[in-house]
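# Summary of structural features
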Amino acid sequence: MTSNSEFELIAPEASSVVESMRSIGYNLETALSDIIDNSISAQAAEIKINFHWDNNNSYIRIEDNGIGMSKMELTQAMKIGSKNPLAQRESKDLGRFGMGLKTAAFSQCRRLTVKSRRYSGCSNTRCWDLDTIRKTGKWTLLTNTKDEKSSVNLSEFSYKSAGTIVLLERLDRVISLPYSSRKYNAFLSKIDKVEKHLRMVFHRYLSGPNSINIIINNHPIEAWDPYLLKQDATQELLEEPFQDEDQVVKVAAYILPHHSKVSEEVYKNAEGPKGWNGQQGFYIYRNKRLLVAGSWLGLFKKEEPYKLARVMVDITSNSDFNWQIDIKKSVARPPNKILQELKRIGNLARQASYRVFYHRGTKIIGSGSNTIKESHLWEQVYRHGKSFYKLNKSHPLLLKLIEDTSVDERILYTYLSLVEENLPINLVPYQPSKENNVEVNKKKIINDDEKARVLRGLSDFIYTMRQLNYTEEDILFKLRNSEPYKHYPELIDARLDE
Ligand SMILES: Nc1ncnc2c1ncn2[C@@H]1O[C@H](COP(=O)(O)OP(=O)(O)OP(=O)(O)O)[C@@H](O)[C@H]1O
Ligand SMILES: [Mg+2]
């Protein structure tokens, strides 16, 4: 088609376009994740990433054993906008925009070479060199890289049949130019960051049946599990699929254990790349690939008591436009209706985190003979998306009762089940958790009647604890942490002194 009086054909200015594409906002971690998405979409079982340091000739090479590309497919893949974002994608395809390979690569380097083959034998290579594009002012896709250093860096396929190698050279945006041996440590710490990020973003691909291998500089990386699923003390709060137009959104909220319930090593590892506080919130996965890792989506603030709440949200690539997925695959904005659902679930998860954070669950304090088990009367249990209360059957007083009483244990448990089932929950005033409240030690103003009632309760409490052979120190600790006595520290001291 040529221009006529009704329109003009204007092609984009090649060099300006590619230079602008460099500033979409990737960093090295998100860029490599986008390139790995392509390998996973191409059914790779293994992906090798090599970071090679050689000052200005440093490069990053990513090789996979996926289905590879024919010559035509490769040329098409190198095109800016190689696929229409509106096209229907296969259910396991992690792509959408036909841009990622190029935008991710250009964000980090000035030279992108891709070598691919469908079968063992004949392979094809194509290369975008930003300096060549600048010089020619045209979309000059290089087809011959034989004389270049890149062919050495590309080297041979390490897998027997099909596969693809992506080579990033002239890494001017990984660390600032010029490279020098002084910057080697900065390069190493970038690799470290990449590893942490990939362990998180692809954790559901790196573990479980049909898992894939990602190998960084000959060292296979392990999945980072944000939910500590192997820990008994992790609570799963909800599993509530709900409808987003014709798509299903799956949600499962996890409350991570209090740090006293896991080893130092487990606790440290669970903090993740952004640290404990930074990692709280929703985790949004698109086809099991993590897009958003810990965000309250503008619904709540990130605060210490809520850091144990991590909520898994699963969508498919059919929701891409509804959820405003971006090219980098690092943003997802749920539609309003879904956001309201997430707010409700997020709230429940945060309240549960708050309780665990402030030891509202059972907690072991101290060690050896001083160890006491602090217990609570009621436990909140979640099942099939519903929450209800059960009596804590390990409460020391109940254990003592069972030990001492001649009543048949089954009768006692039947009675307790009746109490649980008939708890007049609707009449119990609901107390939403306050954003910044730690009212634990707040002093209450009380009248004489109330004072007498608290003192009576205190006497009984102290008597019972002494019968159970608690030390005075333990009793004091327990009172200072139990409702309602913790609100009356001066009455506790007075009663204990008597
Ligand atoms: N490692 C690979 N193995 C096989 N084919 C690949 C590989 N990398 C890219 N391709 C092909 O190149 C195409 C373009 O990749 P690119 O990342 O630019 O876009 P996309 O994956 O289609 O969408 P998005 O922009 O959302 O990533 C892919 O759709 C795929 O067909
Ligand atoms: Mg892609």
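Cut-off values and rules
Residues numbered from 1 in each chain as written. Chains lettered and ligands numbered in written order. Predicted model: local features only at pLDDT ≥ 70, side-chain atom pairs only at ≥ 80, totals over all residues. Heavy atoms only, no water. Core = buried A, V, L, I, M, F, W, Y, C linked by side-chain atoms within 4.5 Å. Buried < 20%, exposed > 50% of the residue type's maximum accessible area, 1.4 Å probe, protein only. Helix = DSSP H or I, 4+ residues; strand = E, 2+ residues; numbered from the N terminus. Contact = heavy atoms within 4.5 Å. Pairing = 2+ DSSP bridges. Arc of directions from axis to C-beta. Axes fitted to C-alpha atoms, helices over the stretch in contact; angles between N-to-C directions. Salt bridge = Lys/Arg side-chain N within 4 Å of Asp/Glu carboxyl O. pLDDT = per-residue confidence, 0-100.

### Observations concerning the nonpolar core
- Of all hydrophobic cores here, the largest spans 51 residues; its most connected members are Ile 49, Phe 51, Ile 60, Leu 112, Leu 168 and Ile 214.
- The biggest single contributor to this core is helix H2 (residues 28-41), with six residues.
- Setting aside its immediate chain neighbours within four residues, Ile 214 contacts Ile 36, Ile 47, Ile 49, Leu 198, Phe 202, Leu 206, His 219, Pro 220 and Ile 221.
- One finds Tyr 254, Tyr 267, Ala 332 and Ala 349 within the second-largest nonpolar core, a separate group that totals 45 residues.

### Some details on the pairing of strand S3 (residues 111-117)
- The element S3 is largely enclosed, with a buried count of seven among its seven residues.
- Along S3, one buried face is formed by Arg 111, Thr 113, Lys 115 and Arg 117 and the opposite face, lined by Leu 112, Val 114 and Ser 116, is buried too.
- Of the strand pairs in this sheet, S3 and strand S4 (residues 124-129) are connected by six bridges, and their pairing is antiparallel. Bridge pairing in S4 places Arg 111 opposite Asp 129.
- What sits between S3 and S4 in their antiparallel hairpin is a turn of six residues, with Gly 121 showing a positive phi close to 105°.
- Sheet topology note: the S3/strand S5 (residues 163-169) ladder contains seven bridges and is antiparallel. Bridged to Leu 112 within S5 is Leu 168.

### Notes on helix H1 (residues 14-21)
- Looking at H1, one finds that the buried residues are Ala 14, Ser 15, Val 18 and Met 21. Buried residues in H1, looked at end-on, bunch into an arc of 130°, giving them a common side.
- Where H1 is buried, its residues contact helix H4 (100-108) and helix H5 (130-136).

### A closer look at the sheet that holds S3
- Here we have seven strands laid out as an open sheet, ordered S4-S3-S5-S2-S1-S6-S7, and mixed in their pairing. Either end of the sheet is taken by a strand with one partner, and the two such strands are S4 and strand S7 (219-220).
- Of the pairings in the sheet, the one linking strand S1 (residues 46-52) to strand S2 (residues 59-64) comprises six bridges and is antiparallel in character. Bridge assignment links Phe 51 to a residue of S2, and that residue is Ile 60.
- Contacts between H2 and the sheet are confined to S1, S2, S5 and strand S6 (213-216), with S1 contributing the most and set at about 145° to the helix.
- Together, S3, S4 and S5 form the strand contacts of H4, whose direction differs from that of S3 by roughly 140°.

### A short note on the pattern of salt bridges
- By the definition in use, this model includes 22 salt bridges.
- Notably, a salt bridge pairs Asp 131 with Arg 134, separated by 3.4 Å at the nearest N-O pair. Of this pair, Asp 131 and Arg 134 both sit in helix H5, three residues apart, roughly one helical turn.
- Overlapping salt bridges, with partners in common, bring together Glu 19, Arg 110, Arg 111, Asp 129, Asp 131, Arg 134, Glu 169 and Arg 170 in one network.

### Things to note about the confidence of the model for the chain
- Looking at the chain as a whole, its pLDDT mean stands at 85, while 88% of the residues score no less than 70.
- Note that pLDDT drops below 50 for residues 361-374; the model gives that stretch 31 contacts with residues more than four away or on any other chain.
- Scored below 50 in pLDDT, residues 429-443 makes 20 contacts in the model with residues more than four places away or belonging to other chains.

### Details of helix H15 (residues 472-480)
- Of all the positions in H15, only Asp 474, Ile 475, Lys 478 and Leu 479 are classed as buried. With its buried residues spanning 130° around the axis, H15 presents them on a single face.

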